[in-house]
Amino acid sequence: MTAITVVRPDHVSEVTGLARAPRPARGTVEPLHLTLIENGKPNAAKLLGEVADELRSRLPLATVDVHSKPAAGKPIDADVADMLAARSHLVISGVGD
């Protein structure tokens, strides 16, 4: 016989002990390296540019690099993903349309 698992979205579980992650004091953060992954869809580059401008006003960004994928449906190679992860503090992938 097959078992059916019922998941109730209205169930409220009690979670305790949550706190925000510790943050360094303002002014003590090292400059960050941001990488934006543009997927080739219409408006993706524009959207990522707006995100980068907003982050520049909030974070100490040393550099902002843009990596462009050849097509939206093509994933990034594992070697490229490893390279981006190794050199970046923050990676944002954008979509368009």
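Above this text you will find the structure in question.
The shown structure was predicted, so the numbers you read here are calculated from the model rather than taken from an experiment. (Residues numbered from 1 in each chain as written. Predicted model: local features only at pLDDT ≥ 70, side-chain atom pairs only at ≥ 80, totals over all residues. Heavy atoms only, no water.)

Remarks on the overall build of the protein
Cut-off, in case you're wondering: Numbering goes from the N terminus for both helices and strands, where a helix is a DSSP run of H or I of at least four residues and a strand is a run of E of at least two. The globule rule used here is 2.2 Å times the number of residues to the 0.38 power, and the radius of gyration it is set against is calculated over C-alpha atoms. The cut-offs for exposure are 20% and 50% of the maximum accessible area for each residue type, with area from a 1.4 Å probe on protein chains only; residues under the lower value are buried, those over the upper are exposed, and the others partly exposed. Residue contacts follow a heavy-atom distance rule, with two residues in contact if any of their heavy atoms lie within 4.5 Å. For the accessible areas, the method is Shrake-Rupley and the probe is 1.4 Å, while residue cover comes only from the protein chains on display. A positive count includes Lys and Arg, and a negative count includes Asp and Glu. His and the chain ends are not counted in either. Taken as the charge location is NZ of Lys, CZ of Arg, CG of Asp or CD of Glu.
Tallying secondary structure elements over the protein gives two helices and three strands in all. Over its C-alpha atoms the protein spans a radius of gyration of 19 Å, topping by over 25% the 13 Å that the globule rule assigns to 97 residues. On the principal axes, the C-alpha backbone points of the protein span a range of 55 × 40 × 25 Å. Put simply, the protein has 97 residues, and 19% of those count as buried. For the protein, the share of sequence-separated contacts (at least 6 apart) that also reach a separation of at least 24 residues comes to 78%. In the form shown here, the protein has an accessible surface area of approximately 7800 Å², with 56% of it arising from carbon and sulfur atoms. Averaging the positions of the 11 positive and the 12 negative side-chain charges in the protein gives two centres separated by 4 Å.

Some words on the environment of Lys69
Along the chain, Lys69 falls in the loop between strand 2 (61-68) and helix 2 (78-87). Measuring from C-alpha to C-alpha, the distance between Lys69 and Ala85 comes to 16 Å, with 16 residues separating the pair along the chain. Excluding residues within four positions of it along the chain, Lys69 makes contact with Ile37, Glu38, Asn39, Lys74, Pro75 and Ile76.

Focus on helix 1 (residues 44-58)
Let me state the cut-off plainly: The span expected for a helix works out to 1.5 Å for each residue beyond the first. Taken from the helix axis, the directions to the C-beta atoms give the arc we talk about.
If you check helix 1, its first and last C-alpha atoms are 21 Å apart, about what 15 residues at 1.5 Å a residue would give, namely 21 Å. When helix 1 is considered as a whole, its buried residues turn out to be Ala44, Leu48, Ala52 and Leu55. Along the axis of helix 1, the buried positions cluster into a sector of 65 degrees, meaning they face one direction only. When the buried face of helix 1 is taken as reference, the exposed residues oriented beyond 90 degrees from it are Lys46 and Ser57. The inward-facing, buried residues of helix 1 abut strand 1 (32-38), strand 2 and strand 3 (90-94).

Thoughts on the pattern of salt bridges
Keep this limit in mind: The term salt bridge refers to a pairing of a side-chain nitrogen on Lys or Arg with a carboxyl oxygen on Asp or Glu at a separation within 4 Å.
Scanning the entire structure with this criterion turns up three salt bridges. The salt bridge partner of Asp65 is Arg87, with a shortest N-O separation of 3.9 Å. Taken together, the residues Asp65 in strand 2 and Arg87 in helix 2 connect sequence positions 22 residues apart. A residue is classified by how much of its surface remains accessible, and Asp65, at 26% relative accessible area, is partly exposed.

Details of the sheet that holds strand 2
Hydrogen bonding along the main chain pairs the strands of a sheet, whether they run parallel or antiparallel. Stated formally: When DSSP finds two or more bridges between two strands, those strands count as paired. Structural elements are reduced to axes, namely lines fitted to C-alpha atoms, with helices fitted over the stretch in contact, and the angle between N-to-C directions of any two is expressed from 0 to 180 degrees.
With parallel pairing, three strands are arranged side by side in an open sheet as 2-1-3. Two strands bound the open sheet, and with one partner strand each, they are strand 2 and strand 3. The average angle at which neighbouring strand axes cross in this sheet is 20 degrees, direction not considered. Examined bridge by bridge, strand 1 and strand 2 share seven bridges and lie parallel to one another. Looking at strand 2, one finds that Leu36 is bridged to Val66. Together, strand 1, strand 2 and strand 3 form the strand contacts of helix 1, whose direction differs from that of strand 1 by roughly 165 degrees.

As far as function goes, none of this settles anything; it's purely spatial.
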